[in-house]
Amino acid sequence: MVTDPIADFLTRVRNAQLAGHRLVEIPASNLKKRITEILYEQGYILKYKFEDDNKQGIIKIALKYDPTTKQPAIRSLERVSRPGLRQYSKPADFKRVINGLGVAIISTSKGVMTDKQAKADNVGGEVLCYIY
């Protein structure tokens, strides 16, 4: 049993990249599916696929690497809010991730979105993770 499914998601992606894998499989949930969609929209992964296995479901993610240097597109995945210490923020207080080059994923009352979308919609929420 996993106590922090988002940290497990980030760790699986991080470990797959360190091992040089092209594909990673992760147990699915609606929150993890939305985080995967954001990673795709921001250009951090090549593609993804949601598969139903008559249980929880599986998310298959094709990781993205630089063709010349073989470096992963995601330099860092950082969990911010955790079960023991939740981190909430107002739109005016969102931290810029690497001077705006990175992305913060925020869980708001209007759904899971990037920090830029949350700021545009003027909604705050729980800061899930930083990606750059």
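Residues numbered from 1 in each chain as written. Predicted model: local features only at pLDDT ≥ 70, side-chain atom pairs only at ≥ 80, totals over all residues. Heavy atoms only, no water.

A. Seen up close, the sheet that holds strand E2 (residues 45-51). Taken in spatial order, the three strands line up as E1-E3-E2 in an open sheet, and their pairing is antiparallel. The open sheet terminates on both sides in strands that have one partner only, identified here as strand E1 (23-27) and E2. This sheet shows a mean twist of 20° between the axes of neighbouring strands, independent of strand direction. Bridge count for E1 against strand E3 (residues 58-63) is five bridges, and the pairing is antiparallel. What sits directly across from Ile26, in E3, is Ile59. (Pairing = 2+ DSSP bridges. Helix = DSSP H or I, 4+ residues; strand = E, 2+ residues; numbered from the N terminus. Axes fitted to C-alpha atoms, helices over the stretch in contact; angles between N-to-C directions.)

B. Fine view of the packing of helix H1 (residues 5-19) against helix H2 (residues 30-41). At a minimum axis distance of 10 Å, the contact between H1 and H2 shows a crossing angle of 40°. By the angle between their axes, H1 is oblique relative to H2. With respect to the hand of their crossing, H1 and H2 are arranged in right-handed fashion. In this structure, H1 uses Pro5, Ile6 and Phe9 to contact H2, whose residues at the interface are Leu31, Lys32, Ile35, Thr36 and Leu39. Among the residues making up the contact of H1 with H2, the classes are represented as six nonpolar, one polar and one charged. (Parallel < 35°, antiparallel > 145°, perpendicular 65-115°, else oblique. Left-handed = near helix turned anticlockwise from the far one by under 90°. Contact = heavy atoms within 4.5 Å. Nonpolar A, V, L, I, M, F, W, Y, C, P; charged D, E, K, R; others polar.)

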